[in-house]
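# Architecture and fold: a report
Residue strings, one per chain:
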Amino acid sequence: MFAMLRSLWDYRGFVVSSIRNEFVARFARSRLGGLWMIIHPLTQVAIYALILSNVLAAKLPGIENRYAYALYLMAGTLAWSLFAEIVGRCLTLFIDQGNLMKKMRFPRITLPVIVIGSSLLNNLLLFIAVLAVFALLGQAPSLEMFWLIPLTLAVVALAAGLGLILGVLNVFVRDIGQVVPIVLQIWFWFTPVVYPVGIIPEELRSIMDVNPMYPIVNAYHDILVYGKVPDLQQAGVTVLVAIGLTLLGLFMFRRAAPEMVDAL
Amino acid sequence: MTLLNVDNLGKAYRIYGSEWQRIANWFYLPAKPREEHWVLKHISFSIQAGEAIGIVGQNGAGKSTLLKMITGTLQPTEGRVQVNGRIAAILELGMGFNPELTGRQNVYHSAGLMGFNAEQIEQAMAEIEAFAEIGEYFDEPVRTYSSGMQMRVAFSVATAFRPEILIVDEALSVGDAYFQHKSFDRIREFQKQGTTLLIVSHDRGAIQTLCNRAILLERGTVIKDGNPEEVMDFYNAIIAEKENAKVEVRQLDDGSVQTRSGTGEASIESVGLYNAEGLPIEFVSVGEPVSLRIVVRISSDIPELVIGYMIKDRLGQPVFGTNTHHLGCKLETLRAGEALEYRFGFPANLGVGSYSVAVALHTADSHISCNYEWCDLALVFNVVNVSKEAFVGLAWIPPTVECRR
């Protein structure tokens, strides 16, 4: 474990330059460059807002802003997109980088770290865009937003732990790569991103108790939409789950590493 | 100093009944693999600083698996590899180059992947740029490069920092002839400074000129480790062996090793070199007409017989070789018990030095299809210069000279 961190530190330059290169390369020949990264999620928000706002706006009590639903959507999307991006990319990470892993010797742990870094960068850009849109819609930033920092870390830990486990398994059992996107889609709809939790029938609400993303998304809503301190107790459970998954992920990664190259 | 120590190395690919059993295995649950497929077993050798070692073997002998374990991309199943120093491999040049980034950015990235930090890369950058010699293209995206230019940049990064061990693939064809020379010069320079070379090749010439030791792998084990010429002779014999033939190795009086192989339907009785008077000779003077006489005995009926010979220099490099197929003297339907004497006459237009002759009996135009007998070092002779003006080199190509002023 210690050796892993050590080699990661030795390769810090490589990690940073990889994140930068990925960013540069993705937009190398597009006019709007990095803007595309923000345009995609914001378009999605706009579509939901246009179609569903009339149906759902009334169900969001306690906010005066008439764009309340749009704010609500953006806050949830900010959390979910980070989660989904890290899980989705870790899932195929080792298969995509298989050739490199077979031919070059370098600390493998840098690969998921690069994914996390570049996903965080994307998320930061999205956050800035969200702030801009909030300002346009008349929602001022608040001091409570600093709570987003630990929350983001919790999302990263949760997503990276899960992604690492799935990514390692996917090398050996390729069905995982097919199943996970479907599961993620279902998971998305079982998390109150698009709709307020209030519209879930009472008897089904217990599903939310086992969804580790629910407290996170909820906390994002509390912070960004309602401007209040999130429910720390609920989020704490998720943090524990995230730490557990990360440790399990790292353990499996270590155990599987020697065989991974054989199977690629 | 021992740079690399490979100790009882083995690699097995494990096949499980179900992949879930493999996963259970990570969690220390008892799960036996259904099958273990060993590609390498009991490999041991050690390498000192400044050596140059050729690794040879047929496809599938385990060469690349061995190299991958030495570089550390593959984990051994048993045994261990101990490396004192840094290893660089020129196997996959341009691995991980991103076409959208410039040459300079890719150099940063590749060197980072090799484990160098920004400061070290910064220091080496000017030298890398100068060595690649691609001018302004260095700051253009790699997608605009020709494949040769890409190779130049890739080679420059891969060898920007002198490693303790350098692994070179046989297909080291780095772009144009000019750059090939330049890259070989750099490799030799490294070797002079104490870098050990590990060269994978099928090319006898490359192995014998660059290496002072060769290791022959066959079916996952080291079957020969020693002087390159000896190992390459043995390797050739194995290729020729194909089916049910035997390979015989004999120590000659002068300490060199003779390799004989073949299926044995026809065998070489004697090989001798004779002068114009018909007397056997060992010392030949430059340009002297000589005759190579080979006596062959047929031990069972064969449909066709071709005999070939090859004159090699003291390093084992081929100087001249031909066979009766090319000379238009192929024999057909031979009976058991027949004895044949061949006489090949030629002028010994060779440079001063020691030469050996290898002889092969086979069908068609090479010994690959059907090899009756192959004998390396069947004859050794020396060329001395008694009557000609002084010259150097392997061949005697007498010129005329004219000078105008």
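Remember, it's a predicted structure, so these values are computed and weren't measured experimentally.

Along its length, chain A carries 10 helices and zero strands. The secondary structure elements of chain A, listed N-terminal to C-terminal, are α-α-α-α-α-α-α-α-α-α. Computed over its C-alpha atoms, the radius of gyration of chain A comes to 19 Å, within 12% of the 18 Å expected for a compact globule of 264 residues. Its C-alpha atoms give chain A principal-axis dimensions of about 60 × 45 × 35 Å. Expressed as a percentage of the 264 residues in chain A, the buried residues total 39%. Within chain A, contacts between residues separated by at least 24 positions form 80% of all contacts whose residues are at least 6 apart in sequence.

Splitting chain B by domain gives domain 1 (2-86 + 202-226) and domain 2 (248-384). The distance between the C-alpha centroids of domain 1 of chain B and domain 2 of chain B comes to 38 Å.

Moving on to the packing of helix H2 (residues 12-26) of chain A against helix H3 (residues 103-113) of chain B. H3(B) packs onto H2(A) with a crossing angle of 145° between their chain directions and a minimal axis gap of 9 Å. Our pair here, H2(A) against H3(B), has a crossing hand that is left-handed. Along the contact surface, H2(A) presents A:Gly13, A:Phe14, A:Ser17, A:Ser18 and A:Asn21, while H3(B) presents B:Gln105, B:Tyr108, B:His109, B:Gly112 and B:Leu113. Partitioned by chemical class, the residues of the contact of H2(A) with H3(B) number three nonpolar, seven polar and no charged.

Glancing now at the interface of chain A and chain B. Contacts between the two partners involve 27 residues from chain A and, on the opposite side, 25 residues from chain B. Among the elements of the structure, H2, helix H5 (98-103), helix H7 (148-172) and helix H10 (232-263) of chain A are those that each provide at least two residues to the side of chain A that touches chain B. Looking at the side of chain A that touches chain B, its residues break down into 16 nonpolar, four polar and seven charged.

Let's shift gears to unusual backbone geometry. Positive phi, normally seen in glycine, also occurs at B:Arg219, with a value near 45°. You can see B:Arg219 is positioned in the loop between strand S8 (213-218) and strand S9 (221-226).

Turning next to the sheet that holds strand S14 (residues 289-298) of chain B. Residue and element names in this part refer to chain B. What the three strands build is an open sheet, ordered S12-S14-S18; its pairing is antiparallel. Of all the strands in the sheet, the pair left with one neighbour each is strand S12 (266-274) and strand S18 (339-347). Averaged over all pairs of adjacent strands, the angle between their axes in this sheet comes to 20°, without regard to strand direction. Bridge count for S14 against S18 is nine bridges, and the pairing is antiparallel. Paired with Pro-289 across the strands is Pro-347, a residue of S18.

Looking now at the sheet that holds strand S6 (residues 165-168) of chain B. Residues and elements named next belong to chain B. Read across the sheet, six strands follow the order S5-S6-S7-S3-S8-S9 without closing on themselves; strand pairing throughout is mixed. On the outer flanks of this sheet lie strand S5 (87-90) and S9, each paired with one strand and no other. Averaged over all pairs of adjacent strands, the angle between their axes in this sheet comes to 20°, without regard to strand direction. With four bridges connecting them, strand S3 (residues 52-57) and strand S7 (residues 196-200) associate as parallel partners. By the bridge assignment, Gly-54 is partnered in S7 with Ile-199.

The rules behind these values
- Residues numbered from 1 in each chain as written.
- Chains lettered and ligands numbered in written order.
- Predicted model: local features only at pLDDT ≥ 70, side-chain atom pairs only at ≥ 80, totals over all residues.
- Helix = DSSP H or I, 4+ residues; strand = E, 2+ residues; numbered from the N terminus.
- Rg over C-alpha atoms; globule rule 2.2 N^0.38 Å.
- Buried ≥ 20, exposed ≤ 12 C-beta atoms within 10 Å, placed from the backbone.
- Contact = placed C-beta atoms within 7 Å.
- Domains from an automatic or database assignment.
- Axes fitted to C-alpha atoms, helices over the stretch in contact; angles between N-to-C directions.
- Left-handed = near helix turned anticlockwise from the far one by under 90°.
- Nonpolar A, V, L, I, M, F, W, Y, C, P; charged D, E, K, R; others polar.
- Pairing = 2+ DSSP bridges.

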